[in-house]
Amino acid sequence: MSPKNKKKLDLIRVKLDKLDNKLLSLIKTRTGLVNEVLKLKEFQKEIVDKKRINFILNKIKKKSNKLNIDPKITNRIWKNMIWSYIDYERRNFKKK
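Keep in mind it's a predicted model, so treat the numbers as computed, not measured. (Residues numbered from 1 in each chain as written. Predicted model: local features only at pLDDT ≥ 70, side-chain atom pairs only at ≥ 80, totals over all residues. Heavy atoms only, no water.)

**Details of a positive patch on the surface**
Thought 1: Together, Arg52, Lys59, Lys63 and Lys66 make up a region of like positive charge exposed at the surface.
Thought 2: Relative to the assigned elements, Lys66 resides in helix α2 (residues 50-66).
Thought 3: Judged by relative accessible area, which is 75%, Lys66 ranks as exposed. (Patch = residues over 30% accessible without salt bridge, like charges linked within 9 Å, V, L, I, M, F, W, Y side chains within 5 Å. Areas by Shrake-Rupley, 256 points an atom, 1.4 Å probe, with all protein chains shown as cover. Salt bridge = Lys/Arg side-chain N within 4 Å of Asp/Glu carboxyl O. Lys, Arg positive; Asp, Glu negative; His and termini not counted. Charge placed at Lys NZ, Arg CZ, Asp CG, Glu CD. Helix = DSSP H or I, 4+ residues; strand = E, 2+ residues; numbered from the N terminus. Buried < 20%, exposed > 50% of the residue type's maximum accessible area, 1.4 Å probe, protein only.)

**Some words on the pattern of salt bridges**
Thought 1: Taken as a whole and assessed by the stated rule, the structure comprises three salt bridges.
Thought 2: For Lys41, the salt bridge goes to Glu89, with nearest N and O atoms at 2.8 Å. Pair noted here: Lys41 is in the loop between α1 (3-40) and α2 and Glu89 is in helix α3 (residues 71-93), with a separation of 48 residues, a long-range link. Just as Lys41 is buried, Glu89 falls in that class too.
Thought 3: We note a salt bridge from Asp87 to Arg91, for which the minimum N-O separation is 3.0 Å. Of this pair, Asp87 and Arg91 both sit in helix α3, separated by four residues, roughly a single helical turn.
Thought 4: By relative accessible area, which is 39% here, Asp87 ends up partly exposed.
Thought 5: Under the relative-accessibility criterion, Arg91 is labelled partly exposed at 48%.

**What about the nonpolar core?**
Thought 1: Listed in full, the nine residues of the largest apolar core are Leu38, Ile47, Ile53, Ile56, Leu57, Ile60, Ile82, Ile86 and Phe93.
Thought 2: The set of elements that each furnish at least two residues to this core consists of α2 and α3.
Thought 3: When residues in this core are grouped by element, the largest group, four residues, is from α2.
Thought 4: Once residues within four sequence positions are removed from consideration, Ile47 is found in contact with Lys41, Ile86, Glu89, Arg90 and Phe93. (Core = buried A, V, L, I, M, F, W, Y, C linked by side-chain atoms within 4.5 Å. Contact = heavy atoms within 4.5 Å.)

**Focus on a nonpolar patch on the surface**
Thought 1: A grouping of Ile12, Leu16, Leu19, Leu23, Leu24, Leu26 and Ile27 is seen on the molecular surface, where their side chains present a nonpolar patch of about 660 Å² in accessible area.
Thought 2: Note on placement: Leu26 falls in helix α1.

See below:
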């Protein structure tokens, strides 16, 4: 890689690091909201709502297409996030 391209790459990586910090802040906020939802659930079987999951994924696909974002990327990100939070809820359900 040329020195000029290395410098450009470094600048882009700084922007990515700043964006990652913003994403972490959003994830913290989302986790707080998930905790509020978890308090409302009385039974562990309420944690997975397939109808809601499908609704979210369809909505994300439509928005991705509208914003010209590859829907395969956003689908994978959202599926991973959803199932990560499902795991989080399962781990924290008994701790209520």
